[in-house]
Amino acid sequence: MSYTYESYDAVVVGAGHAGCEAALALARLGMNTIMFTVSMDSVALMPCNPNIGGSSKGHLVREIDALGGEMGKNIDKTFIQSKMLNQSKGPAVHSLRAQADKQDYTGEMRRVMENTEHLTLRQDEVEKLIVENNKITGVLTSSGAVYPCKAVILCTGVYLKARCVYGDVSRYTGPNGLSAANHLSESLKELGIELYRFKTGTPARIDKRSIDFSKMEEQKGDEKIVPFSFTNRPEDLEREQISCWLTYTNEKTHQIIRDNLDRSPLYSGNIQGTGPRYCPSIEDKVVRFADKNRHQVFIEPEGNYTNEMYIGGMSSSLPEDVQVEMYRSVAGLENAKIVRNAYAIEYDCINATQLKPSLEFKNISGLFSAGQFNGSSGYEEAAAQGLIAGINAARKLTGKEPLILDRSEAYIGVLIDDLVTKETHEPYRMMTSRAEYRLILRQDNADLRLTKKGYEIGLISEERYQHLLEKENQIKEEVERLLHTSVGASKEVQTVLEELGTTPLNSGATLAELIRRPELSYQDIAPIDKNRKPLSDEVIEQVNINLKYEGYINRQLKQVEQFKKLENKKIPENLDYDDVYSLRIEARQKLKAIRPHSVGQASRISGVSPADISVLLVYLEQLRGRKPQ
């Protein structure tokens, strides 16, 4: 028998990385919010890899921070190793990655959440959504309590009807043996929500004392720390770092796997869920990349106060006896003792094309969705969606327009646009190659791109916004000074250039022209730039990039202008595509299903051709002409 409990402005279902960002955004924007979790131990849990960031994911964390989210601050507090990836390449693909102390990461996030005004945490399972006239009005929990509310954000992660599998062992639990959420899926189906069955996996954890590190390559952190949060200074984050280690699988490893493929649930048919293409199990790697005689294996500590080591690159669902044999065939792991077995996990998630770009369901007002439940994978992708869903739920409740970041503004924009526009039939992972405008969507300028939006929304303080304006001004002034300051071909200048290994000057040149030389940088030319003021590292970085890549950046900005033209051509929500006679049948079906908000979004739908877009543009022009002036 149910009874009515207290009412809230918003309910967040799930306390993973999406749920935490959603709940914090709502509460910080003044919404009375309650967050439900099947276990209080799962708040900001890191059930798989013990790190935040990495290629393209580091961009997402920086953007979350620039908008006023928490993930960047939390990893800065709790990292045990920090590293900038891809430094040998251009700045567009530089990506920050930090190993986390898993326990500290969870504990710090929980402390922040428990001390945030307007936010209540509750351990209970949400079993049913209460919807009246296609509008969310509350939730029902397993205890029989009804919580009336005006908005709900589903951040269920991998918990819906979760099943953990390795070999013949199958347990209906969430990750780390936590309870699964077994009832909400039925409620969603009754509401007409289309569900998929996806799969992900995790490797074994091995006792550090059983590892021979002398057979592995040590991977140290960077000496100079780069913070994830723009509110932190590098010098404040200096600490002793813990090493990771690199080893490799070998032909023996691969033979063990091949000999036991029939015992893998992935190949025996015991798992139906679709797995992530870009984070495959070791079984998948051996089958799909049969020509490779080895694969990288990263040994990563799970924290300061545990001997558990994460075996990155070797997730598996093979039986326990095969896992022992397989891991022990790897150099340095010959005597490995498994603390936790590797396993695959199946779970229910949605077809995200049912969502608007705001992450609200098209057919149920006030119901939002974020994270792995939307068919994505990864902590960072989840947190980014959670933040946007939380912001937009709050904006809906206060009668404001939603925040929709487009593909030219943020990696978050690329992520959400891909999810809601393109049908995702496997867990979606963010990659730099997915971003068409990655040269201007760098991680180093996320604050310059997005902090103003965070301030306007209400998640960035006045002090932080003023600091941004000052930084913008310093960059602009310094670039102008360098463009208009010349040096002659004096003996002193020629000597410095010779020492730097660059061509001497025949005549005068601006300092900007010197910085644009591939072999020189802003810091290099300091000896011949007598009038420069002391500037912060972050300002210097922007000045250097802006000058060195000016031509490429300007070219990309012109491409963005063209992109914006189609993005700004809005399509009426109630447009009847059956009236657009020249559209092909497939295009009409897809447009009806996804109901794009702009011509730009329509052009990215699979099955909608450039010819269909031309037809649509003509029709919208005619429609505009028919409207009374």
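Residues numbered from 1 in each chain as written. Predicted model: local features only at pLDDT ≥ 70, side-chain atom pairs only at ≥ 80, totals over all residues. Heavy atoms only, no water.

Draft legend 1. The arrangement of the overall build of the protein in detail. If you tally the helices and strands in the protein, you get 20 helices and 24 strands. Since a compact globule built from 629 residues should have a radius of gyration of about 25 Å, the 26 Å found for the protein is in line with a globular shape. In terms of its C-alpha atoms, the protein occupies a principal-axis envelope of roughly 90 × 80 × 50 Å. Relative to its 629 residues, the protein shows a buried fraction of 57%. (Helix = DSSP H or I, 4+ residues; strand = E, 2+ residues; numbered from the N terminus. Rg over C-alpha atoms; globule rule 2.2 N^0.38 Å. Buried < 20%, exposed > 50% of the residue type's maximum accessible area, 1.4 Å probe, protein only.)

Draft legend 2. The sheet that holds strand E6 (residues 95–100), seen in detail. Overall, antiparallel pairing links the three strands, which are arranged E4-E6-E5 in an open sheet. Only two strands of the sheet have a single partner each, and these edge strands are strand E4 (51–53) and strand E5 (79–85). Taking each pair of neighbouring strands and ignoring which way they run, the sheet shows an average axis angle of 20 degrees. Pairing analysis gives three bridges linking E4 to E6, with the strands arranged antiparallel. Looking across to E6, one finds that Ile 52 is bridged to Ala 98. Where helix H2 (residues 57–67) meets the sheet, its contacts fall on E4 and E6, and the angle it forms with E4 comes to roughly 80 degrees. (Pairing = 2+ DSSP bridges. Axes fitted to C-alpha atoms, helices over the stretch in contact; angles between N-to-C directions. Contact = heavy atoms within 4.5 Å.)

Draft legend 3. Here's a closer look at the packing of aromatic side chains. Inspection of every chain in the model, using the stated rule, returns eight aromatic pairs. Pairing Tyr 196 with Phe 198 gives two aromatic rings, centres 5.8 Å apart and planes at 25 degrees, and the pair type is stacked. Judged by its relative accessible area of 2%, Phe 198 falls in the buried class. What links up through ring pairs into an aromatic cluster is the set Tyr 3, Tyr 5, Tyr 8, Phe 36 and Tyr 147. Stacked on the ring of Phe 230, the Lys or Arg Arg 62 has its end atom at 4.5 Å from the ring centre. Above the plane of the ring of Tyr 248 lies Arg 294, whose end atom (NZ or CZ) is 3.6 Å from the centre. (Phe/Tyr/Trp six-rings, centres within 6.5 Å; stacked < 30°, edge-to-face > 60°. Lys NZ or Arg CZ within 6 Å of the ring centre and 35° of its normal.)

Draft legend 4. Structural view of the packing of helix H3 (residues 71–78) against helix H4 (residues 102–114). Viewed as axis vectors pointing N to C, H3 and H4 meet at an angle of 130 degrees, and their least axial separation amounts to 9 Å. Classified by the angle their axes make, H3 and H4 are oblique. With respect to the hand of their crossing, H3 and H4 are arranged in right-handed fashion. Residue-level inspection shows Met 71, Asn 74, Ile 75, Lys 77 and Thr 78 of H3 in contact with H4, the latter providing Asp 104, Tyr 105, Glu 108, Met 109, Arg 111 and Val 112. (Parallel < 35°, antiparallel > 145°, perpendicular 65-115°, else oblique. Left-handed = near helix turned anticlockwise from the far one by under 90°.)

Draft legend 5. Highlighting helix H18 (residues 585–594). Considered for burial, the residues of H18 that qualify are Ala 587, Arg 588, Lys 590, Leu 591 and Ile 594. The arc that holds every buried residue of H18, seen down its axis, measures 165 degrees, which confines them to one face. When the buried face of H18 is taken as reference, the exposed residues oriented beyond 90 degrees from it are Ile 585, Gln 589 and Ala 593. Among the residues trailing H18, Arg 595 stands out with phi positive, at a value near 45 degrees. (Arc of directions from axis to C-beta.)

Draft legend 6. Here's a closer look at helix H12 (residues 446–457). Helix length check: H12 (twelve residues) gives 16 Å between terminal C-alpha atoms against 16 Å at 1.5 Å per residue, within 8%. All of the buried residues along H12 are Ala 446, Asp 447, Arg 449, Leu 450, Thr 451, Gly 454 and Ile 457. Check the buried side of H12 and you find it contacts H2, helix H10 (379–397) and helix H13 (462–483). Two residues or fewer after H12 comes Gly 458, characterised by a positive phi angle close to 115 degrees. (Expected span 1.5 Å × (residues − 1).)

Draft legend 7. View of the domain arrangement of the protein. Domains assigned within the protein are domain 1 (8–199 + 347–457), domain 2 (205–345), domain 3 (462–551) and domain 4 (569–626). Taking only C-alpha atoms into account, the centre of domain 3 sits 48 Å from that of domain 4. (Domains from an automatic or database assignment.)

Draft legend 8. Quick peek at the pairing of strand E18 (residues 296–301). Pairing of strand E17 (residues 244–248) with E18 involves four bridges; the strand directions are antiparallel. Each residue of the ladder has a partner; that of Trp 245, found in E18, is Ile 299. Alignment of E18 against strand E19 (residues 308–312), held across four bridges, turns out to be antiparallel. Bridge pairing in E19 places Pro 301 opposite Met 309.

Draft legend 9. A look at the sheet that holds strand E13 (residues 169–171). Taking strand neighbours across the sheet as the criterion, the four strands line up as E13-E12-E21-E14 in an open arrangement whose pairing is antiparallel. At either end of the open sheet lies a strand with only one pairing partner, and these are E13 and strand E14 (195–202). For this sheet, the mean inter-axis angle between neighbouring strands, taken without regard to orientation, is 25 degrees. Note: strand E12 (residues 163–166) against strand E21 (residues 343–350), three bridges, orientation antiparallel. Looking across to E21, one finds that Val 165 is bridged to Ala 344.

Draft legend 10. Molecular detail of the side chain of Glu 478. Structurally, Glu 478 can be placed in helix H13. Taking the relative accessible area as the measure of exposure, Glu 478 reaches 7% and is therefore buried. A polar contact of 2.8 Å, which involves the side chain of Glu 478, links it to the side chain of Arg 481. (Polar contact = N/O pair within 3.5 Å; in protein donor to acceptor, adjacent residues only side chain to side chain.)

Draft legend 11. Broad picture of the UniProt feature "binding site: FAD" (unreviewed entry) in the protein. The UniProt record marks Gly 14, Ala 15, Gly 16, His 17, Ala 18 and Gly 19 with the feature "binding site: FAD" (unreviewed entry), using the residue numbering of this structure. When you line up the elements, Gly 16 lands in the loop between strand E2 (10–13) and helix H1 (17–28). Since its relative accessible area comes to 25%, Gly 16 is described here as partly exposed. Secondary-structure assignment places Ala 18 in helix H1. Apart from the residues within four sequence positions on either side, Ala 18 is in contact with Cys 155, Ala 370, Gly 371, Ala 382, Ala 383 and Gly 386. (UniProt positions renumbered as here; feature names shortened; annotations may be inferred.)

Draft legend 12. Region of interest: the pattern of salt bridges. Using the criterion set out here, one finds 51 salt bridges in the structure. Via salt bridges that share partners, Arg 407, Asp 417, Asp 418, Lys 422, Glu 436, Glu 567 and Arg 604 belong to a single interconnected network. (Salt bridge = Lys/Arg side-chain N within 4 Å of Asp/Glu carboxyl O.)

Draft legend 13. The nonpolar core, seen in detail. If you look at the biggest cluster of nonpolar residues, it comprises 125 residues, and the most contacted ones within it are Val 152, Ile 153, Leu 154 and Ile 412. Of all the elements, H10 adds the most residues to this core, at ten residues. Two domains share this core, each providing at least three of its residues, namely domain 1 (8–199 + 347–457) and domain 2 (205–345). Setting aside residues up to four positions removed in sequence, Leu 154 forms contacts with Val 13, Leu 129, Leu 184, Leu 188, Phe 361, Leu 367, Phe 368, Ser 369, Ala 370 and Phe 373. (Core = buried A, V, L, I, M, F, W, Y, C linked by side-chain atoms within 4.5 Å.)

Draft legend 14. Fine view of the environment of Val 414. Tracing the sequence through the fold places Val 414 in helix H11 (residues 411–421). Each C-alpha atom of the pair Val 414 and Tyr 437 lies 9.7 Å from the other, and the pair is 23 residues apart in sequence. For Val 414, the contacting residues outside a window of four places in its chain are Arg 407, Tyr 428, Met 430, Arg 434 and Ala 435.

Draft legend 15. Representation of the environment of Val 496. Inspection of the secondary structure puts Val 496 in helix H14 (residues 491–499). For the pair formed by Val 496 and Ala 25, sequence separation is 471 residues and the distance between their alpha carbons is 52 Å. With near-sequence residues (within four places) excluded, Val 496 lies in contact with Pro 527 and Ile 528.

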